[in-house]
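The primary structure of each chain is shown beneath.
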Amino acid sequence: MTTIDFITALFCQVDDQMPDLPKHPHASLWPSEVVTLGLLHALKGVGNRAFYRWLTRDYRALFPLVPERTRLFRLFTTHQDWTQVVLAAPTVRGGIDTEGIAVIQPIREGRSPQQVGRQGVSNHRWMVGGTLCLLLNQ
């Protein structure tokens, strides 16, 4: 699944759950677009400037009317309550855990142009790979 496919699927899920929110006459983005961008920012896990640079550089075609950076992040803070429509309701029982998955030894990092993963620390040990996150919910 490419990033464009993921963003499109995420937007469809958000838009299906927010059908009755109207767009403000002066707004450039629909509420479902604001929520989708906010979720992407949370999933991307980088700072505001880096996220905005990534969004406008690579995916401007998907969101052509995205406002300038500070206005976009002001929208995120103003309309945080819109994300509650999309997120799952909390349950009594549930848990989440992450675990680092090592792909190669750290000494071999950067030897291949097709390297998967990046260097980081997991369980107090250096590794090159990714992170697996497991969420259990009722």
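This text follows the structure it describes.
Quick caveat, the model's predicted, so the values are computed rather than measured. (Residues numbered from 1 in each chain as written. Predicted model: local features only at pLDDT ≥ 70, side-chain atom pairs only at ≥ 80, totals over all residues. Heavy atoms only, no water.)

S.K.: Could you clarify how one ought to interpret helix α1 (residues 3–17) in this entry?
M.R.: Working note: α-helix, 3.6 residues per turn, so residues spaced by three or four point in the same direction. Over its 15 residues, α1 extends 21 Å from the first C-alpha to the last, a length consistent with the 21 Å expected when each residue adds 1.5 Å. Turning to α1, its buried residues number three or more, namely I7, L10 and V14. The arc that holds the buried residues of α1, viewed along the axis, is 65 degrees, so those residues lie on one side. Structurally, α1 contributes buried residues whose contacts are with α2 (31–44), α3 (48–58) and α5 (83–86). (Helix = DSSP H or I, 4+ residues; strand = E, 2+ residues; numbered from the N terminus. Expected span 1.5 Å × (residues − 1). Buried < 20%, exposed > 50% of the residue type's maximum accessible area, 1.4 Å probe, protein only. Arc of directions from axis to C-beta. Contact = heavy atoms within 4.5 Å.)

S.K.: Even after reading the chapter, I still don't get the pattern of salt bridges, so can you show me in this structure?
M.R.: Should the charged atoms of two oppositely charged side chains come close, the side chains can pair. According to the stated counting rule, one finds one salt bridge in the structure shown. D58 serves as the salt-bridge partner of R57, at 3.0 Å between the closest nitrogen and oxygen. (Salt bridge = Lys/Arg side-chain N within 4 Å of Asp/Glu carboxyl O.)

S.K.: When you look at the packing of aromatic side chains in this model, what are you seeing that I'm missing?
M.R.: Where two aromatic rings form a pair, the distance of their centres and the angle of their planes describe that pair. Across all of its chains, the model carries four aromatic pairs by this definition. When the ring of F51 is compared with that of W54, the centres are 5.7 Å apart and the planes differ by 40 degrees; the resulting orientation is tilted. Of this pair, F51 and W54 both sit in helix α3, three residues apart, roughly one helical turn. The pair formed by F51 and W54 is uniform in burial state, with each residue classed as buried. Geometrically, the ring pair formed by F51 and F73 is edge-to-face, given 6.2 Å between the ring centres and 70 degrees between the ring planes. One end of the pair, F51, is in helix α3; the other, F73, is in helix α4 (residues 69–78), with 22 residues separating them in the sequence. One exposure class covers both F51 and F73, and it is buried. Site record: aromatic cluster; members linked through ring pairs are F51, W54, Y59, F73 and F76. (Phe/Tyr/Trp six-rings, centres within 6.5 Å; stacked < 30°, edge-to-face > 60°.)

S.K.: Help me out: how do you make sense of the packing of α2 against α3 in this one?
M.R.: Axes are the key here: two packed helices are described by the angle between their axes and the distance separating the axes. Orientation of α2 relative to α3, taken along the N-to-C sense of each, is 120 degrees, at an axis distance of 10 Å. Between α2 and α3 the crossing geometry is right-handed. From α2, L37, L40, H41 and K44 reach across to α3, where they touch N48, F51, W54 and L55. (Axes fitted to C-alpha atoms, helices over the stretch in contact; angles between N-to-C directions. Left-handed = near helix turned anticlockwise from the far one by under 90°.)

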